[in-house]
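# Inside the fold
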Amino acid sequence: METRVLAPDKEGIIAAADVIRRRGTVAFPTETVYGLGADAFSARAVARVFAAKERPRFDPIIVHVASPEDVQTLWTSVPPLARTLMERFWPGPLTLVLPRRRRVPGIVTAGLPTVAVRMPDHPVALALIRAAERPVAAPSANRFGRLSPTHHDAVVDQLGGRIDAIVAGGATPVGIESTVVSLVEDPPVVLRPGGAPLEALREVVPGLRMGAPAGSAASPGALPRHYVPVTPLLLLERGPAPDEGEPLDRLACGFLAFREEWSGFGRVEVLSPRGDLVEAGARLFAALDRLDRAGLAAIVAEPVPEEGLGVAVMDRLRRAASGRAHVGPEEVWRVR
Ligand code: AMP
Ligand code: MG
């Protein structure tokens, strides 16, 4: 299949919308990461998204709308709390889960009686959904289990030749996926931390709970291992050196730092020299991708503070990690 790369201008967006209307698949930029979109009301179109991503069918997809009114076509009803959250956080990186209308194909929701919906805060995404004149179902535009793409080059790399078109919109500003909140339960539950910080959500929903542990059926996408680089990713542990472990040459390892340079590694990526967690979130996937391509024996990731977007960053790092590491003067101890 030939994948057309379209400019993010009027002409490109009209061409992309045309692909959606004809039940094809289009990758497009949102403020979080690139999405791989299809007509949300067409089971056949959505099946193509699953095929291109090699995504298991038990993983439901977020439906994207261009205006809060569009939720009427997807949810059976819109409770007052949903309205309040939509007014406060849309357009933006907040996805809300509520009971679905029959019209939404089961393949979109992996058979669940609910559907996840959000309105992205990106001019290209909004123009595309408007021009397609229908909600667009769109998971992240990566191969299943791989890093979510924050630039169209990463989409070309993972899905080129497997989808109909890509709208080349450059880098995505937030860089980390949306926060997913289920309003089916009372009090509401966070199924996945993401671009909308929990502190801000709690101002509107004081009783908000952290939800289903990773890997449970309530949020199938929250698999314990998910956003995985090919190179082993080890979470840095501080404190005394371990009694046993496998030593790796420090120069053969990469280091993903929060704010400070670390010397003695083969390659270092600093997420935010000024210690800004929003910036760290925006840079996370691209930095991991660069380290992953550097031919390293392992990547050591330094934990970031778990507040604001740091909660989402740590969630992604924990799920990408295959173990833990201690850093010695010349070596890295791989623990377990
Ligand atoms: P992605 O689109 O790749 O960022 O992943 C979407 C994620 O949102 C899924 O993997 C689930 O964790 C979550 N999600 C989507 N739809 C639902 C739903 N109906 N109920 C619960 N979680 C959902
Ligand atoms: Mg994804």
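Rules behind the numbers
- Residues numbered from 1 in each chain as written.
- Chains lettered and ligands numbered in written order.
- Predicted model: local features only at pLDDT ≥ 70, side-chain atom pairs only at ≥ 80, totals over all residues.
- Heavy atoms only, no water.
- Pairing = 2+ DSSP bridges.
- Helix = DSSP H or I, 4+ residues; strand = E, 2+ residues; numbered from the N terminus.
- Axes fitted to C-alpha atoms, helices over the stretch in contact; angles between N-to-C directions.
- Contact = heavy atoms within 4.5 Å.
- Parallel < 35°, antiparallel > 145°, perpendicular 65-115°, else oblique.
- Left-handed = near helix turned anticlockwise from the far one by under 90°.
- Nonpolar A, V, L, I, M, F, W, Y, C, P; charged D, E, K, R; others polar.
- Salt bridge = Lys/Arg side-chain N within 4 Å of Asp/Glu carboxyl O.
- Buried < 20%, exposed > 50% of the residue type's maximum accessible area, 1.4 Å probe, protein only.
- Arc of directions from axis to C-beta.

Moving on: the sheet that holds strand E16 (residues 298–301). The strand order E13-E18-E17-E12-E16-E14-E15 describes an open sheet built from seven strands, whose pairing is mixed. Single-partner strands in this sheet number two, and they are strand E13 (246–249) and strand E15 (267–270). Within this sheet the neighbouring strands show an average axis-to-axis angle of 30°, counted without direction. In the sheet, E13 pairs with strand E18 (residues 331–335) via four bridges, with the strands oriented antiparallel. Pairing of Pro247 across the sheet is with Trp333, part of E18. Of the strands in this sheet, strand E12 (233–236), strand E14 (253–257) and E16 are in contact with helix H9 (residues 310–320), which crosses E12 at around 130°.

Two elements in contact, helix H8 (residues 277–292) and H9, have axes whose closest approach is 9 Å; the angle formed by their N-to-C orientations is 30°. When the interaxial angle is binned, H8 and H9 end up roughly parallel. Seen along the crossing, H8 lies across H9 with a hand that is left-handed. Seen from H8, the contacting residues are Leu277, Ala280, Gly281, Leu284 and Phe285; seen from H9, they are Gly310, Val313, Arg316 and Leu317. For the contact of H8 with H9, the per-class residue count stands at six nonpolar, two polar and one charged.

In this section: the sheet that holds strand E5 (residues 94–99). Within the open sheet, the 11 strands sit side by side as E1-E8-E2-E3-E7-E4-E6-E5-E9-E10-E11. Their pairing is mixed. One side of each edge strand has no neighbouring strand; the edge strands of this open sheet are strand E1 (4–6) and strand E11 (209–210). Strand direction decides the pairing type here: strand E4 (residues 62–64) and strand E6 (residues 114–118), joined by three bridges, are parallel. Counted as the bridge partner of Val63 is Val117 from E6. Across the sheet, helix H6 (residues 152–159) lies against strand E2 (26–28), strand E3 (35–39) and strand E8 (165–167), angled at about 165° from E8, the strand it touches most.

On to the pattern of salt bridges, then. Pairs can form between side chains of opposite charge once their charged atoms are near each other. Taken as a whole and judged by the stated rule, the model has 22 salt bridges. Residue Arg293 pairs with Asp289 through a salt bridge whose shortest N-O separation is 3.1 Å. The class of Arg293 is exposed, set by a relative accessible area of 53%. Asp315 is the salt-bridge partner of Arg319, the closest N and O atoms lying 2.4 Å from each other. Of the two residues, Arg319 and Asp315 both sit in helix H9, four residues apart, roughly one turn of that helix. Its relative accessible area of 4% is what places Arg319 among the buried residues. A relative accessible area of 16% means that Asp315 is categorised as buried. Among the charged side chains, a salt-bridge network with shared partners connects Glu177, Asp315, Arg316 and Arg319.

Of the positions making up helix H3 (residues 80–89), those classed as buried are Ala82, Leu85, Met86 and Phe89. Take H3 and look down its axis: the buried residues cluster within an arc of 100°, on one side only. Exposed and oriented more than 90 degrees from the buried face of H3 are Pro80 and Glu87. On its buried side, H3 packs onto E5 and helix H7 (198–204).

Here we take up unusual backbone geometry. Looking along the chain, the bond that leaves Trp90 and enters Pro91 is cis, with omega of -5°. Within the element layout of this structure, Pro91 appears in the loop between H3 and E5. Within the chain, Glu54 stands out as a residue other than glycine whose phi angle is a positive 55°. Secondary-structure assignment places Glu54 in the loop between helix H2 (43–53) and E4. Overall, the relative accessible area of 47% leaves Glu54 in the partly exposed class. Phi at Glu133 takes a positive value of approximately 60°, unusual for a residue other than glycine. Inspection of the secondary structure puts Glu133 in the loop between helix H5 (123–132) and strand E7 (136–137).

Read these as layout, nothing more, since geometry by itself doesn't imply function.
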